[in-house]
Amino acid sequence: MLTIKLDENFCLNGQETPKIRLIVANVTPLMEDQALQGKAMAALSPQRRAKAEACGNSRVRALSIGVALALDRLLAEHGWREQQMTYTEGEHGKPSFDGEASHLAFNLSHSASMVAAAMMTQPCADTMLLGVDIQRITRYRPELVRRMFNANDRAELATCKDEAARERRFAQLWCRAEAYAKATGNGLQWPFPIPPHNAQFMDFDVGEDYCGCICVVDMKE
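Our subject in this report is the structure included herewith. Since the structure is predicted, the reported quantities are computational estimates derived from the model, not experimental observations.

### A short note on the overall build of the chain
Point 1. Each helix and strand in the chain was counted, giving seven helices and ten strands.
Point 2. In the chain, which comprises 221 residues, the share counted as buried stands at 49%.
Point 3. In the chain, once contacts between residues fewer than 6 apart in sequence are set aside, the share between residues at least 24 apart is 62%.
Point 4. Accessible surface computed for the chain: about 10800 Å², of which carbon and sulfur atoms make up 49%.

### Here's the deal with the side chain of Gln172
Point 1. Take Gln172: it is sitting in helix H7 (residues 163-184).
Point 2. With sequence-adjacent residues up to four places away left out, Gln172 is seen in contact with Asp205 and Cys211.

### A closer look at the sheet that holds strand S10 (residues 210-218)
Point 1. Sheet architecture is open: three strands sit in the order S8-S10-S9, paired in antiparallel fashion. Unpaired on one side and paired on the other, strand S8 (128-136) and strand S9 (199-206) mark the two borders of the sheet. Averaged over neighbouring strand pairs, the angle between their axes works out to 15° when direction is ignored.
Point 2. Helix-sheet contacts for H7 involve S8, S9 and S10, and the interaxial angle to S8 is about 150°.

### Concerning the nonpolar core
Within soluble globular proteins, side chains that are nonpolar tend to cluster in buried spots.
Point 1. Grouped together as the largest cluster of nonpolar side chains are 29 residues, with contacts concentrated most on Leu30, Ile65, Leu71, Phe97 and Met119.
Point 2. Listing elements by their share of this core, those giving two or more residues are strand S3 (19-26), helix H2 (34-42), helix H4 (58-76), strand S6 (104-111) and strand S7 (114-121).
Point 3. Among the elements that line this core, the one with the most residues is H4, at ten residues.
Point 4. Within the second largest apolar cluster, 19 residues are counted, among which are Ile20, Met114, Met202 and Phe204.

### A closer look at the environment of Asp203
Point 1. Along the chain, the position of Asp203 falls in strand S9.
Point 2. Considered as a pair, Asp203 and Leu173 are 30 residues apart in the sequence and their alpha carbons are 9.6 Å apart.
Point 3. Other than its neighbours up to four places away in sequence, Asp203 contacts Arg169, Arg176, Gly212 and Cys213.

### Focus on unusual backbone geometry
Point 1. Cis geometry marks the peptide bond from Trp190 to Pro191; its omega dihedral reads 0°.
Point 2. Topologically, Pro191 is positioned in the loop between H7 and S9.
Point 3. The backbone of Ala112 shows a phi angle near 55°, a positive value even though the residue is not glycine.
Point 4. Here Ala112 falls in the buried class, since its relative accessible area comes to 17%.

Each value, and the rule that gives it
Residues numbered from 1 in each chain as written. Predicted model: local features only at pLDDT ≥ 70, side-chain atom pairs only at ≥ 80, totals over all residues. Heavy atoms only, no water. Helix = DSSP H or I, 4+ residues; strand = E, 2+ residues; numbered from the N terminus. Buried < 20%, exposed > 50% of the residue type's maximum accessible area, 1.4 Å probe, protein only. Contact = heavy atoms within 4.5 Å. Areas by Shrake-Rupley, 256 points an atom, 1.4 Å probe, with all protein chains shown as cover. Pairing = 2+ DSSP bridges. Axes fitted to C-alpha atoms, helices over the stretch in contact; angles between N-to-C directions. Core = buried A, V, L, I, M, F, W, Y, C linked by side-chain atoms within 4.5 Å.

This is the structure:
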């Protein structure tokens, strides 16, 4: 049904814990098959199903269903299923689990036809924050760079050797800003803030057309 890419476990600062598990999936089958979309949506939790049903068109609905299915794969590794979950949301919409699964930190993202779900098993759930973002690589937008990127990011983009490298780095830096904003739950701000020393980033590529980033913020530091 979905093309699933299971990435390796990431370790924060070389430590064994907490470990982060990432799933990236192509949800084109859900976009193209309404019957499949309906069957998949019926298997979701009431809150995720309501979120999907509220989407304005089939493509966006498929993305909403797809991130929930990717999250379900991650939950299954811990003996849970997405349809069992209840959620709360922070001030800017960052979701978290209620109840017995509250020690599992997760974050979701989607772009074009790809979805990403990341999960961290937290022995220190009150001090580690997790965010993930995925972006399709598109044309370089200098007007956005001038308006939204900080001085460090602008200087880094200026060193790119050609337009293709600049487009990919533009998308990667955007992913970093989004992942950091989603980890903190404070929403995207601009110019993009220079992340503090307690934020660690792990970039990942999904073929030639997409890139992504996981951000972990250690609130103990």
